[in-house]
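The lines below spell out each chain.
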Amino acid sequence: MITETFKAGSHYGDFTGTAAADSLEFHGFQELLKSQGLIKDDEYLVGIEASASAPLAAPAQINSLSVTALLTNNNGYQNTQAAIESGSPLKVRKVKLDIPIADFFSLFKQFQISISKKGMIDQREITFDHQ
């Protein structure tokens, strides 16, 4: 069994930060997994990792994202929250799939990524002239 910290990372970590999203539907991504037979009835979607790697020869030709769904068998939000609060590492099952970029973002009402060089302004106050 492997234990790791749930956090975004890249090879060099040139830019780091945070991300936030609002689901279009309450269980939009979970329903996608269900429609493809990738999630069991007692599993709960607790996390999503998405990454894209551009080929050096054609960096503008990224058409899909490599997505990993992190699933628990805790049967719902409250049971999963209780498992997290126990202090033990949360046991998850990872399911990997490729999703066209437009299809991935269509699962969310809003999606925001905020990254800065080596995280230097991550979660720090900034000031700027009104645009």
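Sequence order as written defines residue numbering, which begins from 1 separately in each chain. In keeping with the model being predicted, local features are shown solely for residues with a pLDDT of at least 70 and side-chain atom pairs are shown and tallied solely at 80 or more, while totals for entire chains, interfaces and linings include all residues. Working from all heavy atoms in the structure, the side-chain values ignore hydrogens and water.

### Details of the overall build of the protein
The cut-off we apply is this: Helix numbers and strand numbers start at the N terminus; a helix is a DSSP run of H or I with at least 4 residues, a strand a run of E with at least 2. When accessible area is computed with a 1.4 Å probe and restricted to protein chains, residues below 20% of their type maximum are described as buried, those above 50% as exposed, and intermediate ones as partly exposed. Computed by Shrake-Rupley with a 1.4 Å probe, the accessible areas treat only the displayed protein chains as cover when residues are assessed. Neither His nor the chain ends contribute to the count of charged residues, in which Lys and Arg are positive and Asp and Glu negative. Taken as the charge centre is NZ of Lys, CZ of Arg, CG of Asp or CD of Glu, depending on the residue.
Counting its secondary structure elements, the protein contains three helices and five strands. The N-to-C order of helical and strand elements in the protein reads β-α-β-β-α-β-α-β. Seen through its principal axes, the protein has C-alpha atoms that stretch 50 × 35 × 35 Å. By the burial criterion, 21% of the 131 residues in the protein qualify as buried. In the structure as shown, the protein presents an accessible area of about 10,300 Å², 51% of it carried by carbon and sulfur atoms. In the protein, which carries 11 positive and 15 negative side-chain charges, the distance between the mean positions of the two groups comes to 7 Å.

### Side note on a nonpolar patch on the surface
Short version of the rule: Put simply, a patch holds well-exposed residues, over 30% relative accessible area, that have no salt bridge, with like charges counted together within 9 Å and Val, Leu, Ile, Met, Phe, Trp or Tyr side chains within 5 Å. Any carboxyl oxygen of Asp or Glu within 4 Å of a side-chain nitrogen of Lys or Arg constitutes a salt bridge here.
The grouping of Met120, Ile121, Ile126 and Phe128 at the surface amounts to a nonpolar patch, some 460 Å² of accessible area in total. Tracing the chain through its elements places methionine 120 in the segment after strand E5 (108-117).

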